[in-house]
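# Chains, contacts and geometry: an overview
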Amino acid sequence: ASMVILRPPIVYGPKDWNFFTLIRAVRNRLVPRFSSQTPEGDKFYSVIHSEDLVSAILSAARADARDWAPVEIFHVSSGEVISQSQLIGEIAKNL
């Protein structure tokens, strides 16, 4: 492939100050309303840990791309879909 595009979702991990802000809000019992939340209920997200994203990047860089199309797009994630409520619940459970 002459070009590989990796499309990560929400990335979390060490030194991630945006995710830390969410953790701090949950710890202080503040439940944020994400701007993308629908009026009918939760918005669903995919997430990936920063170390897993690095592994995906290295795998793509080392792969034999001879059989790939000229441009390949890969969506990388943990493979799970999580709702805002589940995300906040998991953060609260692990505090």
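For the structure given in this document, a descriptive report is provided here.

Analysis parameters
- Residues numbered from 1 in each chain as written.
- Predicted model: local features only at pLDDT ≥ 70, side-chain atom pairs only at ≥ 80, totals over all residues.
- Heavy atoms only, no water.
- Core = buried A, V, L, I, M, F, W, Y, C linked by side-chain atoms within 4.5 Å.
- Buried < 20%, exposed > 50% of the residue type's maximum accessible area, 1.4 Å probe, protein only.
- Helix = DSSP H or I, 4+ residues; strand = E, 2+ residues; numbered from the N terminus.
- Contact = heavy atoms within 4.5 Å.
- 1 Å grid on protein atoms, 1.4 Å probe; cavity = no way out; pocket = protein on both sides within 12 Å on 5 of 7 lines; lining within 4 Å.
- Points joined across faces, edges and corners; volume = space filled by probe spheres on them.
- Nonpolar A, V, L, I, M, F, W, Y, C, P; charged D, E, K, R; others polar.
- Arc of directions from axis to C-beta.
- Polar contact = N/O pair within 3.5 Å; in protein donor to acceptor, adjacent residues only side chain to side chain.
- Pairing = 2+ DSSP bridges.
- Axes fitted to C-alpha atoms, helices over the stretch in contact; angles between N-to-C directions.

### Quick look at the nonpolar core
Core analysis: the biggest nonpolar cluster contains 9 residues, these being F19, L22, V26, Y45, V47, I82, L87, I88 and I91. Secondary structure elements with two or more residues in this core: α1 (17-27), β3 (44-49) and α3 (84-93). If we skip the residues at most four places from it in the chain, I88 touches V26, V31 and P32.

### Remarks on the layout of surface pockets
In this structure, the largest pocket encloses a volume near 320 Å³. Taken together, 14 residues make up the lining of the largest pocket; nearest its centre are Y12, V47, I82, L87 and E90. Every element with two or more residues in the lining of the largest pocket is listed here: α1, β5 (81-83) and α3. Top element by residues in the lining of the largest pocket is α3. It accounts for 4 residues. Of the residues assigned to the lining of the largest pocket, the class counts are 9 nonpolar, 3 polar and 2 charged.

### So, α1
Turning to α1, its buried residues number three or more, namely F19, L22, A25 and V26. Projection of α1 onto a plane perpendicular to its axis shows the buried side chains occupying an angular sector of 115°, all on one side. Tucked into the core, α1 has its buried residues touching β2 (10-12) and α3. A distance of 3.3 Å separates the backbone nitrogen of N18 from a side-chain oxygen at the start of α1, and that oxygen is part of D16. Positive backbone phi, approximately 60°, marks R29, located one or two places after α1.

### A short note on the side chain of S83
Mapped onto the fold, S83 is located in strand β5. Relative accessible area serves as the criterion here: at 5%, S83 is assigned to the buried category. In this structure, S83 is in contact with D42, K43 and F44, ignoring residues within four places of it in sequence.

### Describing the sheet that holds β2
Spatially, 3 strands are ordered β2-β3-β5 in an open sheet, and the strand pairing comes out mixed. The open sheet terminates on both sides in strands that have one partner only, identified here as β2 and β5. The sheet shows a mean angle of 50° between the axes of neighbouring strands, direction not considered. Lying over the sheet, helix α2 (residues 50-62) contacts β2 and β3, oriented at roughly 75° with respect to β3. Contacting β3 and β5, α3 runs over the sheet at an angle of about 85° to β5.

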